[in-house]
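Residue-level structure breakdown
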Amino acid sequence: MSTPEERRAAEAANRAKERRREGLYAESEPFWKEEFPLTSAGEEYVQRREFTRYLLGASAAFAVGAVGAAAWANLQSANEGEPQAIIADDRIAPSSEYLFNYPTDKDPALLIRLPDGELRAFSQKCTHLGCVVYYQPEHERIFCPCHHGVFEPSTGDATAGPPERPLQKIDIEVRDGMIWAKGVQI
Ligand code: FES
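This text gives an overview of the structure that appears in the document. (Residues numbered from 1 in each chain as written. Predicted model: local features only at pLDDT ≥ 70, side-chain atom pairs only at ≥ 80, totals over all residues.)

1. Comments concerning the overall build of the protein
Test applied: Helix and strand definitions here come from DSSP, where helices need a minimum of 4 consecutive H or I residues and strands a minimum of 2 consecutive E residues; each element is numbered from the N-terminal end. We call two residues in contact whenever the C-beta atoms placed from their backbones are within 7 Å.
Scanning the protein from terminus to terminus reveals 3 helices and 11 strands. Secondary structure elements in the protein, listed N-terminal to C-terminal, are α-α-α-β-β-β-β-β-β-β-β-β-β-β. Considering only intrachain contacts with a sequence separation of at least 6, the fraction spanning at least 24 residues in the protein is 36%.

2. Remarks on the sheet that holds strand S9 (residues 158–160)
Through backbone hydrogen bonds, the strands of a sheet pair up, either in parallel or in antiparallel fashion. Applied cut-off: Pairing between two strands requires that DSSP report at least two bridges joining them. For every element, the axis is a line fit to its C-alpha atoms; helices are fit only across the contacting stretch, and the angle between N-to-C directions ranges from 0 to 180 degrees.
The strand order S6-S7-S8-S9 describes an open sheet built from 4 strands, whose pairing is antiparallel. On the outer flanks of this sheet lie strand S6 (134–136) and S9, each paired with one strand and no other. Sheet twist, expressed as the mean angle between neighbouring strand axes with direction ignored, is 40 degrees. Pairing of strand S7 (residues 141–144) with strand S8 (residues 149–151) involves 3 bridges; the strand directions are antiparallel. Along S8, the bridge assignment pairs cysteine 144 with glycine 149.

3. Brief notes about the nonpolar core
The cut-off we apply is this: Here, a nonpolar core denotes buried Ala, Val, Leu, Ile, Met, Phe, Trp, Tyr and Cys residues that are linked to one another through C-beta atoms within 7 Å. Partly exposed residues are those whose C-beta has more than 12 but fewer than 20 other C-beta atoms within 10 Å; with 20 or more the residue is buried, with 12 or fewer it is exposed, and the C-beta atoms are placed from the backbone.
Ala109, Leu110, Leu111, Ala121, Phe122, Val133 and Ile170 are the most contacted members of the largest nonpolar core, which totals 20 residues. Elements with a contribution of two residues or more to this core: strand S4 (108–113), strand S5 (119–123), S7 and strand S11 (178–185). Those residues in contact with isoleucine 170 that lie beyond four places of it in its chain are Tyr102, Ala109, Ala121, Phe122, Ser123, Ala181 and Val184.

4. Focus: the pairing of S11
In the sheet, strand S2 (residues 84–88) pairs with S11 via 4 bridges, with the strands oriented antiparallel. By the bridge assignment, glutamine 84 is partnered in S11 with alanine 181. As paired elements, strand S10 (residues 170–175) and S11 share 6 bridges and run antiparallel to each other. Bridging from a neighbouring strand, glutamate 173 pairs with tryptophan 180 of S11. Linking two consecutive strands that pair antiparallel, namely S10 and S11, is a turn of 2 residues; a positive phi of about 50 degrees is found at aspartate 176 within it.

Okay, structure coming up:
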């Protein structure tokens with residue numbers, strides 16, 4: 001006594017045999033061709049259609065990715081950090097530094113008064129491997145003791161040693177006698 005599945009399989013095999021006899025399928029064609037009777041031209045059409053659909057999908061995904069990346073880059077170029085009072089303007093003399101934390105309590109930062117009285121603020125993290133940097137007014141430089149990295153104090157640009165990127169800048173403003181950090185340039 002055969003099961004329904006066995007009966008269905010036997011019927012399909014018989015149908016396939018009849019079709020082969022009628023010359024509709026080559027002997028080498030697999031049984032599934034009977035259930036999904038695509039000619040090779042049809043197969044090619046389906047493949048082309050699938051491929052076109054795949055290309056359109058990939059293009060759309062790429063476009064969405066590009067827009068997302070641009071939006072992310074825009075966000076990244078925006079300043080980050082809440083305004084924060086650093087120190088009274090008259091408490092930092094020319095050719096000196098004041099250490100503070102910004103934008104969070106865990107981010108060491110450096111406020112510098114240049115010899116000409118201009119103020120600059122940078123992240124204190126060296127852009128090589130993250131050691132803390134110090135202002136050395138006697139050498140007119142910001143210095144990283146770890147691998148002797150050197151940065152230009154008025155721009156934060158890397159000028160010697162292993163660092164290749166400038167120090168991260170912090171926007172500052174003097175308002176009512178107080179120096180404020182206004183955001184980190186990313
Ligand atoms: S960590 Fe500053 S020079 Fe290497």
